[in-house]
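Here is what each chain is made of, one letter per residue.
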Number of protein chains: 6
Amino acid sequence: MLRLSQMPWREVRAAGERGAVAVLPIGSQEQHSEHLPMGTDTLLVEAALDAAEQVLDAGGPELVRLPVLPFGHSPHHLFAAAVSLSEEVLLAVLADVLDSLVRSGFRRVLVVNGHGGNEEIMRLAVKRGALRSDVALAACSYWAVVRPDGEPEDPGRTPGHAGWFETSLMLAAHPDLVRAPAEWQEQAEPPLFDRPPATGLLVERHGEWERVHGTTDDAAAADAGVGHELLVRRARGLADAIRAFDLATRHSHARQTGEA
Amino acid sequence: MLRLSQMPWREVRAAGERGAVAVLPIGSQEQHSEHLPMGTDTLLVEAALDAAEQVLDAGGPELVRLPVLPFGHSPHHLFAAAVSLSEEVLLAVLADVLDSLVRSGFRRVLVVNGHGGNEEIMRLAVKRGALRSDVALAACSYWAVVRPDGEPEDPGRTPGHAGWFETSLMLAAHPDLVRAPAEWQEQAEPPLFDRPPATGLLVERHGEWERVHGTTDDAAAADAGVGHELLVRRARGLADAIRAFDLATRHSHARQTGEA
Amino acid sequence: MLRLSQMPWREVRAAGERGAVAVLPIGSQEQHSEHLPMGTDTLLVEAALDAAEQVLDAGGPELVRLPVLPFGHSPHHLFAAAVSLSEEVLLAVLADVLDSLVRSGFRRVLVVNGHGGNEEIMRLAVKRGALRSDVALAACSYWAVVRPDGEPEDPGRTPGHAGWFETSLMLAAHPDLVRAPAEWQEQAEPPLFDRPPATGLLVERHGEWERVHGTTDDAAAADAGVGHELLVRRARGLADAIRAFDLATRHSHARQTGEA
Amino acid sequence: MLRLSQMPWREVRAAGERGAVAVLPIGSQEQHSEHLPMGTDTLLVEAALDAAEQVLDAGGPELVRLPVLPFGHSPHHLFAAAVSLSEEVLLAVLADVLDSLVRSGFRRVLVVNGHGGNEEIMRLAVKRGALRSDVALAACSYWAVVRPDGEPEDPGRTPGHAGWFETSLMLAAHPDLVRAPAEWQEQAEPPLFDRPPATGLLVERHGEWERVHGTTDDAAAADAGVGHELLVRRARGLADAIRAFDLATRHSHARQTGEA
Amino acid sequence: MLRLSQMPWREVRAAGERGAVAVLPIGSQEQHSEHLPMGTDTLLVEAALDAAEQVLDAGGPELVRLPVLPFGHSPHHLFAAAVSLSEEVLLAVLADVLDSLVRSGFRRVLVVNGHGGNEEIMRLAVKRGALRSDVALAACSYWAVVRPDGEPEDPGRTPGHAGWFETSLMLAAHPDLVRAPAEWQEQAEPPLFDRPPATGLLVERHGEWERVHGTTDDAAAADAGVGHELLVRRARGLADAIRAFDLATRHSHARQTGEA
Amino acid sequence: MLRLSQMPWREVRAAGERGAVAVLPIGSQEQHSEHLPMGTDTLLVEAALDAAEQVLDAGGPELVRLPVLPFGHSPHHLFAAAVSLSEEVLLAVLADVLDSLVRSGFRRVLVVNGHGGNEEIMRLAVKRGALRSDVALAACSYWAVVRPDGEPEDPGRTPGHAGWFETSLMLAAHPDLVRAPAEWQEQAEPPLFDRPPATGLLVERHGEWERVHGTTDDAAAADAGVGHELLVRRARGLADAIRAFDLATRHSHARQTGEA
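Please read these numbers as outputs of a predicted model, since none were measured by experiment. (Residues numbered from 1 in each chain as written. Chains lettered and ligands numbered in written order. Predicted model: local features only at pLDDT ≥ 70, side-chain atom pairs only at ≥ 80, totals over all residues. Heavy atoms only, no water.)

K.L.:
Which residues make up the overall build of chain A, and what values go with them?
P.N.:
Scanning chain A from N- to C-terminus turns up seven helices and eight strands. Projected onto its principal axes, the C-alpha positions of chain A cover 60 × 35 × 35 Å. By the burial criterion, 63% of the 260 residues in chain A qualify as buried. Counting only contacts in chain A whose residues sit at least 6 apart along the sequence, the fraction spanning at least 24 positions is 76%. Only carbon and sulfur atoms are counted for the fraction: they give 48% of the accessible area of chain A, which is about 9,000 Å². Chain A carries 24 positive and 37 negative side-chain charges, and their two centres are separated by 9 Å. (Helix = DSSP H or I, 4+ residues; strand = E, 2+ residues; numbered from the N terminus. Buried < 20%, exposed > 50% of the residue type's maximum accessible area, 1.4 Å probe, protein only. Contact = heavy atoms within 4.5 Å. Areas by Shrake-Rupley, 256 points an atom, 1.4 Å probe, with all protein chains shown as cover. Lys, Arg positive; Asp, Glu negative; His and termini not counted. Charge placed at Lys NZ, Arg CZ, Asp CG, Glu CD.)

K.L.:
Let's hear about the relation of the copies chain B and chain A: which residues, and what values?
P.N.:
Placing chain B over chain A gives an RMSD of 0.0 Å and needs a rotation angle of 180 degrees, together with 0.0 Å of translation along the axis. Both copies of the chain, as the preceding transformation shows, are related through a two-fold rotation axis. Closest to the rotation axis within chain B is the C-alpha of E120 of chain B, separated from it by 2.4 Å. Of the residues that chain B buries at the interface, 100% are likewise interface residues in chain A, meaning the two copies contact each other through the same surface. (Least-squares fit on C-alpha atoms with pLDDT ≥ 70 in both.)

K.L.:
So, empty space enclosed by the protein: which residues are in play, and what are the values?
P.N.:
One pass over the full model with this rule turns up five cavities of 30 Å³ or more. Here the largest cavity is characterised by a volume of approximately 70 Å³. If you go around the largest cavity, the residues you meet are E87, E88, L91, I121 and L124 of chain C together with E87, E88, L91, I121 and L124 of chain D. Listing elements by their share of the lining of the largest cavity, those giving two or more residues are α3 (87–103) and α4 (119–132) of chain C together with α3 (87–103) and α4 (119–132) of chain D. Grouping the constituent residues of the lining of the largest cavity by class yields six nonpolar, no polar and four charged. (1 Å grid on protein atoms, 1.4 Å probe; cavity = no way out; pocket = protein on both sides within 12 Å on 5 of 7 lines; lining within 4 Å. Points joined across faces, edges and corners; volume = space filled by probe spheres on them. Nonpolar A, V, L, I, M, F, W, Y, C, P; charged D, E, K, R; others polar.)

K.L.:
Account for the interface of chain B and chain A, naming residues and giving values.
P.N.:
Contacts between chain B and chain A engage 46 residues on the former and 46 residues on the latter. Interface area, chain B with chain A, both sides summed: about 4,000 Å², of which 62% is carbon and sulfur. Put simply, chain B and chain A have eight salt bridges between them. For E120 of chain B, the salt bridge is made with R123 of chain A, and the minimal N-O distance between the two is 2.7 Å. Our count for the contact surface shared by chain B and chain A stands at 18 residue pairs in polar contact (both at pLDDT 80 or more). For the side of chain B that touches chain A, the elements supplying multiple residues, two or more each, are α3 (87–103), α4 (119–132), β7 (136–141), β8 (202–205) and α7 (224–257) of chain B. With nine residues, the single largest contributor to the side of chain B that touches chain A is α4 of chain B. Taken together, the four bridges between strand β7 (residues 136–141) of chain A and β8 of chain B define a ladder with antiparallel strand orientation. Along β8 of chain B, the bridge assignment pairs L137 of chain A with E204 of chain B. (Buried area = accessible area lost by both parts, 1.4 Å probe. Salt bridge = Lys/Arg side-chain N within 4 Å of Asp/Glu carboxyl O. Polar contact = N/O pair within 3.5 Å; in protein donor to acceptor, adjacent residues only side chain to side chain. Pairing = 2+ DSSP bridges.)

K.L.:
Can you tell me about the packing of helix α2 (residues 40–56) of chain F against helix α5 (residues 164–173) of chain F, naming the residues and giving the values?
P.N.:
All names here are of chain F. For the pair α2 and α5, the least separation of the axes is 10 Å and the interaxial angle reads 60 degrees. Relative to α5, the element α2 is oriented oblique. Judged by the twist between their axes, the crossing of α2 over α5 is left-handed. For the pair α2 and α5, contact is made by T40, D41, L43, L44 and A47 and by E166, L169, M170 and A173, respectively. Residues that form the contact of α2 with α5 fall into these classes: six nonpolar, one polar and two charged. (Axes fitted to C-alpha atoms, helices over the stretch in contact; angles between N-to-C directions. Parallel < 35°, antiparallel > 145°, perpendicular 65-115°, else oblique. Left-handed = near helix turned anticlockwise from the far one by under 90°.)

K.L.:
Explain the interface of chain C and chain B to me, using residue names and the numbers behind them.
P.N.:
Across the boundary between the two partners, chain C contributes 47 residues, which contact 47 residues of chain B. Summed over both partners, the interface of chain C with chain B comes to about 3,800 Å²; 62% of that surface belongs to carbon and sulfur atoms. Of all residues in chain C, W9, F71 and L78 of chain C give up the largest surface area on contact with chain B, accounting jointly for 15% of the area buried on that side. If you look at where chain C meets chain B, you find four salt bridges. E34 of chain C serves as the salt-bridge partner of R10 of chain B, at 2.7 Å between the closest nitrogen and oxygen. If you look at where chain C meets chain B, you find 18 residue pairs in polar contact (both at pLDDT 80 or more). Taken together, the elements giving at least two residues each to the side of chain C that touches chain B come down to α1 (9–17), β5 (82–83) and α3 of chain C.

Laid out in structure tokens, this is it:
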């Protein structure tokens, strides 16, 4: 993958105009319980993209990777500590970035997300961008590019927050930044935002994140080896998504520029 | 269900203060192919709520139903015809409505949605509202309150747009408003927004809705009897969601008001 | 009148393009003293339009009626109970609706209002819309389309709020939703917002609505028969306004589309 | 009248706190046909206030006059020339000014307007301000503080735009800035915005201001003597409005500060 | 200098189209210690422009002067008294004014500022305006158009706030509005916003303006004669800036309009 | 310096509460002529901060460094290529970040900037933040923390854009990312935005950046050794600024928390 930050502008524009896919990672800075660092979501989306690059190697479409947006939408973590952009602000940031990329020559962009709280906003930004300009835009969250039915997946704990899944990944990707998890305090009721009480229902209750001490499940069983497997599966999933996006939209790019 | 629109204000406020759940249906006005009316999403969310009321009958929690918001976020349908609110405007409308309900005495609100394009915005509104005030807020889309694995569900065509699912429901709920569907034109490629080319990937391509003539799948096989079953299942799903929301948040309401 | 909500999009667009007038009713949900329901303004603007339809019958211009916007600008009623959109939000909603109608083929739109607090915003929206696009837009409040000098008008109590005028209309249109008015408490000073102390002066004092218990005049003398007459006069006034708007702007529509 | 611009801040705050009324004139810069200057509305609202000051002389309530806001909402005049603030911007300016005055000690403010296009926005600002803070706010347009039934009034031409009324006033107040009016071109149809075709109906048609060459009626009959009478009547009307506002809200001010 | 406010619109537009420079003064209303009036910044920017006019006399480029915007960005003075527009609002006002001037025929605009708190916003407005339209825009603050190394300049006290510099200028320009300064209270620490503790560092501390009683330096030594010299130097500086702006952008104007 | 991204939240909050200074670097992605990469401003602000850390070593105040914001306000570079946030969006991002840091326990924040186009916005954000909360905020641009009068400074070319100064720094900090500069094309007129034609005057002309091929001065003489000296001087300047900010505001922090 090329790095936009390291390229002179003529190469950036030329890449965009010949169909390269711009890749924008977005993360967050927010509490991740006692044992994981504030930048966990940012570190993991970067780790997943790094690993996907190796999977794609020379075989994939041309990619131009942007520097990660290190701040996301995390107002629900401000009870502890976070650097959060409001809905409107993050939506406007993503709109400005997408518009800039289009004005700089790109016709295809993929947003890769590391933080659950960014999902709705990322989706809105991608939908709006594709209505405004004659482009193809895509979005995914790194944890969700894999069918959660194989080993060692556990859909009930993926992604969760600062629990088994993220801690395992961090043990694989940044073991030096992981502390010993605090002793798990089983709650009488699991957090409503994570375990809705009915099919298809979102429930948000005031103070719920604080009630469950900022985490969704016990991190004690997290494991570096499992984390490595989970990460590799996401790397492959991302590589597949990138190839599929390229394939599905290559034609429309060609049509626009008058090639075959 | 009580109707907010028909109640004097003292009864509205008293209901909210004793824990009643305010229910806000939201819909859209937008093209639904050649054969379904512009208001399909609005008509169906109201039909589903009407049916859920009968399921709940006297047994459920106290509900105060608001008049439906008949306009949603439909910019992708303006190529044909729609009455659409932008992301920021719909988000602001929902925020104002939720804030008003809280100021008018409610501590629990459920938004019930009839239009796919409203989903991200409804979720953001509910999350924001629960951070701002000491309340419990919930949201769902009527088609998604049912596990799509029973008869006669077809998850690949639910909800779709103006296809088998919605046409069947309209044949059950408003047969007089359904015209004969146009002859189906099979596309070389299905719409990317409806059938993403990889797991967990959202792809939005400019002009895609127009390319597929504003619909996702063939409505020819739609059937009033199947539509009735699909509707009944959603009525039960909504009733379950309402009961579950009540149960999960009844205690927090009680705590606030100093009851048991 | 055709109903936009019940029409497939091609008929909506065709109607707009051949000059039909889109009609958008807007109302409110807000306290109306002890005896009238929250939805009074919405119910009355719909009743007036329904009656106007009968007056016009087959003789008038082609009309496409939108579903009513049930929420208006009512922050002054939140001391009791209301579902209120802020100035900016209601203005943005109306701008989005008007822009959508223009993009969907309409060149003529009439907004019919049921709530005093919406008036300035409705006027701004209509002015802005007509500057942005080559269209003719109109707006009126249902109570004001009649010269208040005939029987049984009383300009000093029209429209007022939850007093003689609205209660009479509700007794005519929705008697089942009218409770017995609370005993009238004569105020030392009438509400400043309703009876300004000098010609052409608007005075708004903090707490004024609460001071007068949310109403402007005694509803005790309200009468269903009088309400019926008042409603019929408004139906005729609306019908006249619709015909006059059609006549005044028919030519400009024709010019645009190249007809005679 | 005191001038805020010329007073040290402690005197400003002291005046506000002892109940003085802050007076904010607002105007516009916009085309006024061939013969009147761009600043006509601003010049006239200032002339009317100057004259009202003389009427009040020492007898009225304490007033602190702000410098005039010379720019208003005039997008409909940009076809020719204008300096215009959009609706949102003018509303925000007035909100900021009102909030500033409240934070600086005032509890009573009167906005005096010179431009028709500002009316709705001024009204919204005053309503909003009185809901936000424990204050009494008032607003009027200088031409409308007089019952238009006496000599030499002509309600059909008041205020109009750059016609008989404004030209007469300018001949009285600023004769050196008045040019000879262009020859009047009678229109087949009078401007719809000025002469609505039905009672209570606002009609706005694209291009209407340009069609009527930016004016509403023939200025040829304008007269300096008549203008003087019209101005004196407005000065008295403003003086009456100021006294009435003071009287109506003096008590509420007193109550707040704990005086009698 | 022509006055936009006093000109009919055709002359305004003709002047703009033949290359005249529109000049917009902006000021503030805010506390200026015990002895200077609220409007000091507005009065001084007008005084400097008046004096610059005399320097330019008939020799300079054609100028069309707008009425001063009397309100600026002064939230830091609301602890005492001010009429302040927020950043967003002042930026939007300036954007609207610049856009209006461009739509009214101008291709060159100069903003002349009288208040330190407006500087960043004025610069942003000018940059934005020149990106949006094919125009040349300029901005300056009246005190800074002079190299501060000659007699009787004192860069350490220019402009300051309500100290030696502004008081001297006011003694020259509006002696009747200057009161005796309060006795100077030497602070242990000078205000951080005025004397940053390191090169190139801006430091803003909560409550700092209040701590230093709203002023930066002792006004006792202020002098009318010095003020006159300071004002004359600014008048020459403004005249130089106007001539230089004209010279630098005259060609680009000519190019556009197809002249030599 | 601690890295916020790598710390668990309790350590972040504890550091803020005991007086640590949060340090936020901000940069840009924008054309830097033919030879420097898009991320030049971001890379250089990070290089300067890295070097400042070594100068401070263990001796300075406690610092918590945030991840760099890689996108800035660069609309003037979109003619070539850039990822730009609008004024309003960047201002809102900085406001959200500052507010988040305050809510997370910090009372002192320093913004360090790498891009000229961010300066006004950064200043506004810091001023606003210090008015909203009881905190001390500071801001600087890395190139400006040094008096430009020593060797090897050249104030006429500092910072410029993609010229001698930035190229020298990049040769010192990231030589592998520097290409051979394009042959210098001397312009008849230097860019107005960089060399204003009069003292204290900002001039912005449409198309000026494009006219000068996106750069301000010839990079041919750039030199790695000089770049190293320039960088070291900035590292010392930043270290001085950090120490001075700490010293000037340490007391106010202590006062708040009730220490000595």
